Amino acid sequence: MTAAAPIAAASPHVMNTYGRLPLALSHGRGCRVWDVNGKAYLDGLGGIAVNTLGHAHPRLVAALQDQVGKLIHTSNYYHIPLQEALAERLVALSGMSHVFFCSTGLEANEAALKLARKFGHDRGIDRPEVVVFEGAFHGRSIATLSATANPKIHAGFGPLVEGFVRVPRNDIAALRRATEGNPNITAVFFEAIQGEGGIHPMTVDFMRELRALCDERNWLMMIDEVQCGIGRTGKWFAHQWAGIVPDVMPLAKGLGSGAPVGAEVAGPKAAHIFQPGNHGTTFGGNPLAMRAGVETLAVMVDEGLLDNAARVGAHLNTALTTHLLGVAGVVEVRGQGLMLGIELDRPCGVLAQRCADAGLLISVTADRVVRLVPPLILSTAEADEIVALLVPQIRQFLAEAA
Ligand SMILES: Cc1ncc(COP(=O)(O)O)c(C=O)c1O
């Protein structure tokens, strides 16, 4: 297998913050993308759980072209009808009541943390604290990286923001012990399925117990659905598998199918914490981003993409499990819908390049977990193609390293 040709001109003036593969993509269609040298790839990564509708979806292209010709940006000094339309949709889908718009996941999470603090201050708690989890990833601003569990993400950025109590996943007894007698807790903040942490789902039972505890203690339940939300698991939001409704739900990634759209969805307990002047962002909710969000959700309904994610995801999960479970070095295949992880017993970052060489885009997260978060339009045939490309790479890697 030949390595992808290096791109002609990688500028030394782009800040060196990513371990990039030496390839540059030029265009895409559906679940396929092509690089500048004309090599085709099947997209198992979807821009890291972003390209809900795949690439160049005709309806999204038409909607954005139309919107660019009308209005891109106006500022939040005025009413924005498309913002109101997207808020109506998100409220209807979530069973919550209000939405604040921003542009990225970390911004949505930053807003959640501000809500948790002000919720406390409004009740006379001067030093509010938020329960967060081992394995969590919430972003790279100073506050959201402090809420994140990964020491590599903390390194070099201290002092971290205080006011977090960290507990293990899926252990309600440990959470109770860690918060016992602490009157400063105002919220519990977690991903329904941890993404960057290695595709670790919170169990349905745990989420239900947590909902009950948040009600009992008057804490905000804040569920980061930035990666696992927007239909990826086969429900609009991954926590809906537990039949619960959070008080605060940050969204981003898949909501605009590639256009930067972030949202903070709030239920009645959190919807009125922010007052005018408490929060804002210039780009949040601008007409171009909102048109992307409205069209993405409409296409998802019209094309049955929740069912597709559930069905094709189950097929992919079963096929990967069949081919890989029992192979020495494979620890587990896990996840839900089109959010899947294959955990190996050793670091396997090199697989991202090897799979790209073979014509498949994937990522490796938490050092040892191969992550698949493809567009939600993935067909069964394309899922089979992922398996056919990926399984030999994993097998060969494990055989070499053994
Ligand atoms: C669960 C979760 N929250 C927050 C973020 C941060 O989102 P962004 O990169 O848009 O700031 C991510 C990004 O990977 C994420 O997976």
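So, here is what we can say about the structure in this document. (Residues numbered from 1 in each chain as written. Predicted model: local features only at pLDDT ≥ 70, side-chain atom pairs only at ≥ 80, totals over all residues. Heavy atoms only, no water.)

## Thoughts on the overall build of the chain
Alright, step 1. Of regular secondary structure, the chain possesses twelve helices and 17 strands.
Alright, step 2. A globule of 402 residues ought to have a C-alpha radius of gyration of about 21 Å, and the chain, at 21 Å, matches this closely.
Alright, step 3. The buried share among the 402 residues of the chain stands at 53%.
Alright, step 4. Within the chain, residue pairs in contact and separated by at least 24 positions form 72% of the contacts whose partners lie at least 6 positions apart.
Alright, step 5. When the accessible surface of the chain is totalled, it reaches about 17200 Å², and 56% of it is carbon and sulfur. (Helix = DSSP H or I, 4+ residues; strand = E, 2+ residues; numbered from the N terminus. Rg over C-alpha atoms; globule rule 2.2 N^0.38 Å. Buried < 20%, exposed > 50% of the residue type's maximum accessible area, 1.4 Å probe, protein only. Contact = heavy atoms within 4.5 Å. Areas by Shrake-Rupley, 256 points an atom, 1.4 Å probe, with all protein chains shown as cover.)

## With respect to the packing of helix H3 (residues 81-94) against helix H9 (residues 287-302)
Alright, step 1. Where H3 contacts H9, the two axes come as close as 8 Å, and the packing angle between them is 40°. The pairing of H3 with H9 is recorded here as oblique in orientation. Between H3 and H9 the crossing geometry is left-handed. The segment H3 lies against H9, with Leu 82, Gln 83, Ala 85, Leu 86, Arg 89, Leu 90 and Leu 93 engaging Pro 287, Met 290, Arg 291, Gly 293, Val 294, Leu 297 and Val 301.
Alright, step 2. Taken together, the residues of the contact of H3 with H9 sort by class into ten nonpolar, two polar and two charged. (Axes fitted to C-alpha atoms, helices over the stretch in contact; angles between N-to-C directions. Parallel < 35°, antiparallel > 145°, perpendicular 65-115°, else oblique. Left-handed = near helix turned anticlockwise from the far one by under 90°. Nonpolar A, V, L, I, M, F, W, Y, C, P; charged D, E, K, R; others polar.)

## Details of the site of the ligand
Alright, step 1. Around the ligand lies a shell of 13 residues, among which Gly 105, Leu 106, Asp 224, Gln 227 and Lys 253 are the nearest.
Alright, step 2. For the ligand, a nitrogen atom lies 3.4 Å from a polar atom in the side chain of Asn 109.
Alright, step 3. Contact between the ligand and Lys 253: an oxygen atom at 3.3 Å from a side-chain N or O atom of the residue.
Alright, step 4. Bound to the protein, the ligand loses 82% of the 390 Å² it would expose on its own.
Alright, step 5. Here the shell around the ligand takes three residues from helix H4 (residues 105-122), the largest share from any one element.
Alright, step 6. A per-class count over the shell around the ligand returns three nonpolar, six polar and four charged. (Near = heavy atom within 4 Å. Polar contact = N/O pair within 3.5 Å; in protein donor to acceptor, adjacent residues only side chain to side chain.)

## With respect to the sheet that holds strand E2 (residues 32-35)
Alright, step 1. Spatial ordering of the open sheet is given by E1-E2-E3-E15, a layout of four strands whose pairing is mixed. Of all strands in the sheet, those with a lone pairing partner are strand E1 (25-29) and strand E15 (360-361), marking the two edges.
Alright, step 2. Across four bridges, E1 lies against E2 in antiparallel orientation. If you follow Leu 25 over to E2, its bridge partner there is Asp 35. (Pairing = 2+ DSSP bridges.)

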